[in-house]
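Descriptive analysis of the structure
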Amino acid sequence: MVHAHEEMWSLGDMIAAVPLVGRFYTNVFRKGFSHGFLAASALCRRMRGASATRG
């Protein structure tokens, strides 16, 4: 017997399900965001390494 049912959807899943917006989100935004995040991470790592050698 089922007492309760709960569905969990992420915001990304809901955006991807919208017909026109979903295609842009999946193909452009997510890829661009991941590249930007990796670039920011590399920049922080580089800045952290530079400050460690000065100290």
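For the structure, see preceding data.
In short, a report on the structure.

Thresholds, definitions, all that
- Residues numbered from 1 in each chain as written.
- Predicted model: local features only at pLDDT ≥ 70, side-chain atom pairs only at ≥ 80, totals over all residues.
- Heavy atoms only, no water.
- Helix = DSSP H or I, 4+ residues; strand = E, 2+ residues; numbered from the N terminus.
- Rg over C-alpha atoms; globule rule 2.2 N^0.38 Å.
- Buried < 20%, exposed > 50% of the residue type's maximum accessible area, 1.4 Å probe, protein only.
- Phe/Tyr/Trp six-rings, centres within 6.5 Å; stacked < 30°, edge-to-face > 60°.

It is worth spelling out the overall build of the protein chain at this point. The number of helices and strands found in the protein chain is two helices and zero strands. Taken over the C-alpha trace, the protein chain has a radius of gyration of 20 Å; the compact-globule value for 55 residues is 10 Å, which it surpasses by more than 25%. With the principal axes as the frame, the protein chain shows a C-alpha extent of 65 × 35 × 10 Å. Every one of the 55 residues in the protein chain was classed for burial, and the buried ones make up 5%.

Inspection of the entire model under this criterion finds two aromatic pairs. Plain terms: the ring middles of Tyr-25 and Phe-29 are 5.7 Å apart, the flat faces sit at 20° to each other, and that makes the pair stacked. With Tyr-25 and Phe-29 both in helix α2 (residues 19–54) and four residues apart, the pair spans about one turn of that helix. For Phe-29, a relative accessible area of 44% translates into the label partly exposed. Centroid distance Phe-29 to Phe-33: 5.9 Å. Interplanar angle 25°. Geometry classified as stacked. One end of the pair is Phe-29 and the other is Phe-33, both in helix α2 and four residues apart, which spans about a single turn. For Phe-33, a relative accessible area of 54% translates into the label exposed.

With that settled, consider the environment of Met-8. Tracing the chain through its elements places Met-8 in the segment before α1 (11–17). A residue is classified by how much of its surface remains accessible, and Met-8, at 69% relative accessible area, is exposed. As a C-alpha pair, Met-8 and Leu-20 span 12 residues in sequence and 23 Å in three-dimensional space.

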